[in-house]
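Residue-level listing of the chains:
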Amino acid sequence: MKDSEQKSYTLQEIAERFGGEVVGDPDTRVGQVATLENATPGTLTFLANERYLHQLGATQAAAVLVGAPMRDATGLPRIVCADPYAYFARVSGLLNPARAPVAGVHATAVVDRSAVIAPDAEIGPLAVVGSDVKIGAGCVIGAGCAIGDGVRLDSAVRLHANVTIYDGCVIGERVIIHSGAVIGADGFGLAMAEERWVKIPQIGRVIIGADVEIGANTTIDRGAIDDTIIEEGVKLDNQIQVAHNVRIGAHTAIAACAGIAGSAKIGRYCRIGGASGIAGHITIADHVEISAHTIITKSIAKPGTYTGAYPFEANREWRRNAAQLRHLSDLAERLRALEKRFATLERK
Amino acid sequence: MKDSEQKSYTLQEIAERFGGEVVGDPDTRVGQVATLENATPGTLTFLANERYLHQLGATQAAAVLVGAPMRDATGLPRIVCADPYAYFARVSGLLNPARAPVAGVHATAVVDRSAVIAPDAEIGPLAVVGSDVKIGAGCVIGAGCAIGDGVRLDSAVRLHANVTIYDGCVIGERVIIHSGAVIGADGFGLAMAEERWVKIPQIGRVIIGADVEIGANTTIDRGAIDDTIIEEGVKLDNQIQVAHNVRIGAHTAIAACAGIAGSAKIGRYCRIGGASGIAGHITIADHVEISAHTIITKSIAKPGTYTGAYPFEANREWRRNAAQLRHLSDLAERLRALEKRFATLERK
Amino acid sequence: MKDSEQKSYTLQEIAERFGGEVVGDPDTRVGQVATLENATPGTLTFLANERYLHQLGATQAAAVLVGAPMRDATGLPRIVCADPYAYFARVSGLLNPARAPVAGVHATAVVDRSAVIAPDAEIGPLAVVGSDVKIGAGCVIGAGCAIGDGVRLDSAVRLHANVTIYDGCVIGERVIIHSGAVIGADGFGLAMAEERWVKIPQIGRVIIGADVEIGANTTIDRGAIDDTIIEEGVKLDNQIQVAHNVRIGAHTAIAACAGIAGSAKIGRYCRIGGASGIAGHITIADHVEISAHTIITKSIAKPGTYTGAYPFEANREWRRNAAQLRHLSDLAERLRALEKRFATLERK
C-alpha cells in the first residue's frame, strides 16, 4: 500500500544509513521504491540485473541504485553500492516500516484471565487467547486469530488475521505468521491394529526461532513425542506442509507448496524449490539447493543443487517419449546384448 | 442443498428462456436437476456424454436435455439443444439461485466507522471490516471474514466464511471467494545480505477482475512493488498458490493445487491442470493447455497441450525402469558409438 | 503438551488393559510415553524398529514395550507384546486422553435459535452456528469455527479452531477436523458457453463417516449434484484436496498435499503417499498403495504398490540425462533399426 503520507529521505541520508557512494545531487529526495519500468517521479529504483538495463534510459525515477560496474550507465542521481538488490531491500524497509502496534486488547477479543499480555502489545478484534498464554512486548495479533492454551509469543511477533496456534507452541521474537497458517496441529501419527487406525496422541510442540516468517495457509504440525523445530531466520512461503518432528536449520528458505515429511532434518542455508518434497526420516546437509517439483527420497550429504523434475513437452511428443519409459530397462538390456554380439562379430 | 421449497418450471418456460426445441409434453414441470443415474421424479437430467447413454433407459427423471444427435434416444420429454452441458449449467443456475443477501451489518461484526457499506449488502456475524473499506451493492460477507484497511469490493461480491483480504486489495463485481482463501498476503520477497535474509516490503496490491471465482484455501500474494493481477472471468480451484506479480489472463481456469511462481504471465483462455507448476518470470500464450502434475519451466509461445508427468507403473517395474534414467545419457552415447562401429563394419 | 498433573499407571495395570506379558517389576509406574533417546525417568518407551536397538542401553525410561524377539534385549521392566507400536499408541491414548468438553455455549458464540445443541456439547468462543444445525452429545466446536445451515454433527465430533463447514454437510461420530479445514465448498464445476465460464451450482453435500480425521487446511468439496463421500475410519493428513463427488473407501489413509480429482473412487484400506494425485473419474481398488509424488491417471484394479516419481540427481547429471528424455522414442527406434541391420549382417 502506497501511503500518501509516506516519509521521504535524501540520497545523502540514505547513504549515511546504509553506505554506498552518492553520484549526482545528494539532496535528491525519494519517498518510495519502484520498478524501473513503472517508476514515478520521487521514487527510487534499482538495477540488480543487466537484463533490465534497457529500461534504465526511460525510467521516471528520481534516483537509481546501481552496482559499481553500472556506475556510469545512467545520468540520474544514484547510489553506487555492492549489492543493489539487498540495498533496495533495506531502503524499502526504511520507507515502508511495519505498522506500529496500537497498544491494548480490542473489546471484542476473548482473552483468558490467566494470559499475560505485554502492555504495548496489540490484540485485534475477535482474537481468542487461551489460558496461561504469554504475549511479549510489541506483538500484534490480527483479527480472528486463535491462540491455544500455554502458547508463548516472544516480543514483536506479528500474526496476521485468522492464524491458528495450538496449545503449547513457542514462537520466537520478530516472527511473522501470515493468515490461514496453522501451527501445532496434530501430526499424522497412526498405528494399524485389528484393521483399524489407532490415533497416536501428538504430545510434542512446535518451537519456532527468532526472525522466522511463515506464509499464508502453511501448516506446521506439532511433534509426536518430541518437538518440531524451526530454527532462527527460516523463511517459509505459502501452503507449505511441515510434518511432525521435522527440524529445519537456520536461514533456510522454502518456496510455496513444498512438503516436508515426518522427522526429516534439513540443514542451514538450504534453498528448497516450490512444490518439492522431502521424504521422512532423511537428512539434508547445509547449503543444499533443491529444484522445484523435485522429490528427495534419500539423505543428501553434500552441498549442491539437486533436481528431479520431468521436463515438459508438447503433449504429442511427450506421449511418444514417455511410452518408452516403461521399456527403459528392456532397452538397456537390448543395447547391452547388441554390444556383446557386435564385439563377438568384430573378433571374428 | 436441495431445498424443499424449490421453485419449478415447465420445459416450455425453460426453452423460452434458454432456447432449444421441446420434444414431448411442454408442460412437463421440473424443480431440480439430477444425474441420469440418481434422478428422482420431477427432476431434469442431461446426456452430455455418450458414455452414459446406457443409463438413459432407466432414468427416473421427468425430462432430459439432449443434443441433436440424441434427439430420438429417449421417449421422455426433452429439450434438444446445441450443448446439453452448458444448457444444464444454465438451468441449474435458474433452479438453484445464490441466496439473496440479507441487508445489514450483523450485531457482532466489527466494522470501522470509516468503512462505506452499501445499504443492501450483508455483513455476517463476527466479520471484521477495516478502515476506509468500500463494500458495494449486494455483497455478502461471510462469518469470520477479515477485510483489511482500504479494501474495495465492487458490487455483488460474495465472500464465504473465514476469508482473509489484506490491506488495499481490489475485488471486482460478482467475484466469489471461498472459505480459507487469503488474498494479498506478502509475496516471498527476500534478499540475502551478510548471511541473513532481509525482508523486502511487499507494497503492491492484488487486483481481481469481475466474475472471478477463487477456491477454498487458495492464496494470492500481493505484488512486491507493482500489483498482482487476476483478469476477469478467471476461475481458480482450491489450494492454488499465486505468487507476487503474477498476471493471469481473462477466462483462464486453473485446477486445484497448482502453483504459479512470481511474475509469471499466463494468457487468456488457458486451462491449467491440477498440481501443475509455472516457473517464475515466464510467459504462457493464450489458449495453452497444461496437463496435471506438469511443471512449465520455459515460456510457451504457441497454443496447444503441454505435458511433463511421469507415467506410473507397478513399483517393481518402476524401480527397474527408473534406475535406467540415471544412465540415459550414457545409453544414448553407447548407441551412437555402436551405430558408428556398425557403419564402419558395413563399409568393409 | 506434557501435563504436570498427568495420571500414571503401573505396568500391571497397563497389561491388564491391553494385554502383553510384564517382565520385571509389575509395579513400575509410568506417567508419560517417550522416545528411547529422549526418555526421562517415569516414562514408558518402545522399541518398534531394530534400527533403534542401539539406543536401548542408554535410555532413561522406566520401562519399555518390546516385541517377543526383543524380550531379552533389555534388563529394564518391560511389556512384551505382539506389536509394540500399536501397543504404544494405545498406552499413549490412555495417558493423553483428549480434553473433556466443557459443556455449554460460550457467550460470544453466535448460534441460530433453530440450532439443536446437545447439553453436554461445548461451543467455543466466537463460533458461528447456522440455522437448523444439529450438534450431538460431547461435541467440541473450537474458537472461530463457522458451521453453515442444516449441518449435522453426530456425537463426539471435535472441530479445532477456525474450521469451516458449508451448508448441509453431515459429519459422523468421533470425527476430528483440524484448523483451517474447509468442508463443503463448491466443487470446480464450470461449463464454457459463448467464450465465458458458466458456474454450475454445486447442490450435493459432503458426507463424512465415523472416526474420520481431517488434517489442517484440507479441503473437501461438496458434490456437484450427488454427494462427496468419505467413509468411516478414513484418515486425511494436512492440505489434501478432495474434489466433488469423490468417494474414499473406509480406513484409507492419505498423506499430506495429495489431490483427488472429481468423481474418483478410491477403495478401502488404501495408503496414498504425500503430494500424489488421482485423476478424475477413475477407480482405485482396495488395498492399493500409491507412492509419494505419483500421479495415477488410469484405474487400478489390483492391490499392490504403484509409483511414478522422477528420481532426483545432482543437477548436472539430471540435465544430461533428462535431455535424452526428449529423444527416447527416437533412441528406441534407432536401437530397433540397428538390431535389424545386425541380424541381416549375421545372416550373411
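In the block above lies the structure referred to throughout.
Residues numbered from 1 in each chain as written. Chains lettered and ligands numbered in written order. Predicted model: local features only at pLDDT ≥ 70, side-chain atom pairs only at ≥ 80, totals over all residues.

Enquirer: So what exactly am I meant to see when it comes to the overall build of chain A here?
Expert: A count of helices and strands for chain A gives four helices and 40 strands. For 348 residues, the compact-globule estimate of 2.2 N^0.38 gives 20 Å, and the C-alpha radius of gyration of chain A, at 27 Å, exceeds that figure by more than 25%. Nonlocal contacts in chain A, meaning residues at least 24 apart in sequence, comprise 19% of its contacts between residues at least 6 apart. (Helix = DSSP H or I, 4+ residues; strand = E, 2+ residues; numbered from the N terminus. Rg over C-alpha atoms; globule rule 2.2 N^0.38 Å. Contact = placed C-beta atoms within 7 Å.)

Enquirer: Explanation requested: the pairing of strand β39 (residues 304-307) of chain B in the structure shown.
Expert: On a regular strand, each side chain points to the face opposite its neighbour's, so the side chains alternate between the two faces of the sheet. Two elements, strand β40 (residues 313-314) of chain A and β39(B), share two bridges in a ladder whose sense is antiparallel. Bridge assignment links A:A314 to a residue of β39(B), and that residue is B:Y306. (Pairing = 2+ DSSP bridges.)

Enquirer: Teacher, can you tell me more about the interface of chain B and chain C here?
Expert: On the chain C side, the residues contacting the 62 residues of chain B number 62 residues. Broken down by class, the residue content of the side of chain B that touches chain C amounts to 30 nonpolar, 23 polar and nine charged. (Nonpolar A, V, L, I, M, F, W, Y, C, P; charged D, E, K, R; others polar.)

Enquirer: It is not clear to me how unusual backbone geometry should be interpreted in this structure. Could you clarify?
Expert: Generally, phi is negative for residues other than glycine and the peptide bonds are trans, each holding for most cases. Positive phi, normally seen in glycine, also occurs at A:N162, with a value near 60°. Within the secondary structure, A:N162 sits in the loop between β17 (158-159) and β18 (164-165). Of the residues examined, A:N162 has 33 C-beta atoms within 10 Å and is grouped as buried. Its identity is not glycine, yet B:A156 carries a phi of approximately 60°, on the positive side. Take B:A156: it is sitting in the loop between β16 (152-153) and β17 (158-159). Assessed through the 21 C-beta atoms surrounding it within 10 Å, B:A156 is described here as buried. (Buried ≥ 20, exposed ≤ 12 C-beta atoms within 10 Å, placed from the backbone.)

Enquirer: Just checking my understanding: could you explain the relation of the copies chain A and chain C for this structure?
Expert: To go from the first copy of the chain to the second, apply a rotation about an axis and then a shift along the same axis. Take chain A, turn it by 120°, move it 0.0 Å along the axis, and it overlays chain C with an RMSD of 0.0 Å. Expressed as a symmetry operation, the mapping of one chain copy onto the other fits a three-fold axis. (Least-squares fit on C-alpha atoms with pLDDT ≥ 70 in both.)

Enquirer: Hey, could you run me through the sheet that holds strand β34 (residues 271-272) of chain B in this one?
Expert: Two orientations exist for strands paired in a sheet by backbone hydrogen bonds: parallel and antiparallel. Taken in spatial order, the 12 strands make up an open sheet running β40(A)-β39(B)-β37(B)-β34(B)-β31(B)-β28(B)-β25(B)-β20(B)-β17(B)-β14(B)-β11(B)-β8(B), and their pairing is mixed. The strands lining the two open edges of the sheet, one partner per strand, are β40 of chain A together with β8 (104-105) of chain B.

Enquirer: Just checking my understanding: could you explain the sheet that holds strand β10 (residues 116-117) of chain A for this structure?
Expert: Residues and elements named next belong to chain A. Taken in spatial order, the nine strands line up as β10-β13-β16-β19-β24-β27-β30-β33-β36 in an open sheet, and their pairing is parallel. In this open sheet, the two edge strands, each paired with only one partner strand, are β10 and β36 (283-284). Of the pairings in the sheet, the one linking strand β24 (residues 206-208) to strand β27 (residues 228-230) comprises three bridges and is parallel in character. Its bridge partner being in β27, I208 is matched across the sheet by I230.

Enquirer: Honestly, the packing of helix α4 (residues 328-347) of chain A against helix α3 (residues 315-325) of chain B in this entry has me stumped. Any pointers?
Expert: Between two packed helices, the angle of one axis relative to the other and the distance separating the axes together describe the packing. Where α4(A) contacts α3(B), the two axes come as close as 7 Å, and the packing angle between them is 60°. Classified by the interaxial angle, the pair formed by α4(A) and α3(B) is oblique. In contact with A:L328, A:S329 and A:A332 of α4(A), α3(B) contributes B:R320, B:N321 and B:Q324. Along the lines of polarity and charge, the residues of the contact of α4(A) with α3(B) split into two nonpolar, three polar and one charged. (Axes fitted to C-alpha atoms, helices over the stretch in contact; angles between N-to-C directions. Parallel < 35°, antiparallel > 145°, perpendicular 65-115°, else oblique.)

Enquirer: What exactly am I supposed to notice about the environment of C:C257 here?
Expert: As for its position among the elements, C:C257 is in the loop between β31 (253-254) and β32 (259-260). Residue classification places C:C257 among the buried residues on the basis of 33 C-beta atoms within 10 Å. In contact with C:C257, other than residues within four places in its own chain, are A:Q241, A:G259, C:Q239, C:I240, C:G274 and C:A275.

Enquirer: Teacher, can you tell me more about the environment of C:D237 here?
Expert: Summarising the element assignment, C:D237 is placed in the loop between β28 (235-236) and β29 (241-242). Its 31 C-beta neighbours within 10 Å are what place C:D237 among the buried residues. When the C-alpha positions of C:D237 and C:T252 are compared, they lie 11 Å apart, and in sequence the two are 15 residues distant. In contact with C:D237, not counting residues within four places along its chain, are A:F188, C:G215, C:I254, C:A255 and C:A256.

Enquirer: Can you help me understand the pairing of strand β23 (residues 196-199) of chain A in this one?
Expert: Residue and element names in this part refer to chain A. Only one face of β23 is buried, namely the one carrying W197 and K199, since none of R196 and V198 on the opposite face is buried. The pairing of strand β22 (residues 190-193) with β23 spans four bridges and is antiparallel. Pairing of M192 across the sheet is with W197, part of β23.

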